[in-house]
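Coordinate inspection notes
Below are the chains, spelled out letter by letter.
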Amino acid sequence: DALGGDTHKRIVVSEAERARLSAQWQAQMGRPPTEAELAALTEQWIREEIYYREAIAMGLDEDDVIIRRRLAQKLTFLTEDLATAEPPAEAELRAFYDANAADYAQPERWSFVHRYFSSERREQAEADAREALAALTAGGDGGASVQGDPFMLQRSYVARSEREIAELFGRDFATTVTTLPVGAWQGPVRSAYGWHLVRVEDYLPARQRPFDEVAERVVADYRQQQRRQANEARYQALLQRYEIVRP
């Protein structure tokens, strides 16, 4: 060894590392790198490795909040990977589903259309909405021309929960809409945008979704629980090795 066996000064570019660089390039670019591109990637990796080693030798990693958090995060990821290495058995998933059945219930949902009357465009938006409601409920062609003002979102919504309606229009609007009868124009109903005439076209009651319908979500939730439990167990085990001195 021309460097006298000083491993700190020796950098080995293995075939495994070249393969990793090549795979990373292909994932980003959608094609394998050319020889010139792979050589450039390798030189960039060597530069980074030298800077990394020199920074560690200088103690630049000490008292660095970003590095501290990143290392803690990597240990967390390692714990999570070990906890979820084996696919869960269906019996475990079904037991988890039964224990958390409320999380997989589908809430009440409403389908509705609306006509919008802008408080910014109109001096008497609420009064205009009331007048339009009379035309809509008069029957015949009286309401055919009632379109209201342009609205930045949709004019009709299908199977939306109260929470979803509230996210779009505000809590008060959602609370009112969920009490309206099906099939008739109602209002005016105030939202975060102005005033609306609303016709609820359909109502779907809450229901419990069966396991098979939500199996993918159950798997994701179960694995997330495994990760949380594994991290907490790992932390508690590590905590026993330390004496914590508090002010």
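Cut-off values and rules
- Residues numbered from 1 in each chain as written.
- Predicted model: local features only at pLDDT ≥ 70, side-chain atom pairs only at ≥ 80, totals over all residues.
- Heavy atoms only, no water.
- Helix = DSSP H or I, 4+ residues; strand = E, 2+ residues; numbered from the N terminus.
- Buried < 20%, exposed > 50% of the residue type's maximum accessible area, 1.4 Å probe, protein only.
- Lys, Arg positive; Asp, Glu negative; His and termini not counted.
- Salt bridge = Lys/Arg side-chain N within 4 Å of Asp/Glu carboxyl O.
- Contact = heavy atoms within 4.5 Å.
- Pairing = 2+ DSSP bridges.
- Axes fitted to C-alpha atoms, helices over the stretch in contact; angles between N-to-C directions.
- Phe/Tyr/Trp six-rings, centres within 6.5 Å; stacked < 30°, edge-to-face > 60°.
- pLDDT = per-residue confidence, 0-100.
- Expected span 1.5 Å × (residues − 1).

**Focus on the side chain of Glu80**
- Assignment of secondary structure puts Glu80 in helix 3 (residues 65-83).
- Among buried Asp, Glu, Lys and Arg side chains, Glu80 stands out as unpaired, with Arg227 the closest opposite charge at 4.3 Å.
- Beyond its immediate stretch of four places on either side in the chain, Glu80 contacts Arg227 and Asn231.

**As for the sheet that holds strand 3 (residues 156-160)**
- Spatially, 4 strands are ordered 3-2-5-4 in an open sheet, and the strand pairing comes out antiparallel. Looking at which strands have only one partner, the edges of the open sheet turn out to be strand 3 and strand 4 (185-190). Across this sheet, the average inter-strand angle for adjacent strands is 30°, counted without regard to direction.
- Where strand 4 lies against strand 5 (residues 194-204), 4 bridges are found, and the strand directions are antiparallel. The partner of Arg190 across the bridge, within strand 5, is Trp195.
- Packed onto the sheet, helix 5 (residues 125-137) meets strand 2 (109-118), strand 4 and strand 5 and runs at close to 170° relative to strand 4.

**Section: the packing of aromatic side chains**
- Inspection of every chain in the model, using the stated rule, returns 13 aromatic pairs.
- On the basis of an interplanar angle of 80° and a centroid distance of 5.6 Å, the ring pair of Phe96 and Tyr222 is categorised as edge-to-face. Here the residue Phe96 occupies a position in helix 4 (residues 90-99), and Tyr222 occupies one in helix 8 (residues 215-239), the gap between them amounting to 126 residues. Of the two residues, Phe96 and Tyr222, both sit in the buried class.
- A network of ring pairs unites the aromatic residues Phe112, Tyr116, Phe151, Tyr157, Phe169, Phe173 and Tyr193 as a single cluster.

**Some remarks on the confidence of the model for the protein**
- Predicted confidence across the protein gives a mean pLDDT of 89, with 94% of residues reaching 70 or more.
- Within the model, pLDDT remains below 50 along residues 1-5, and this stretch shows 3 contacts once partners closer than five positions in the same chain are excluded.

**Focus: helix 1 (residues 15-29)**
- If you check helix 1, its first and last C-alpha atoms are 21 Å apart, about what 15 residues at 1.5 Å a residue would give, namely 21 Å.
- Among the structural elements, helix 2 (35-57) are those in contact with the buried residues of helix 1.
- With its phi angle positive at about 80°, Gly30 sits one or two positions after the end of helix 1.

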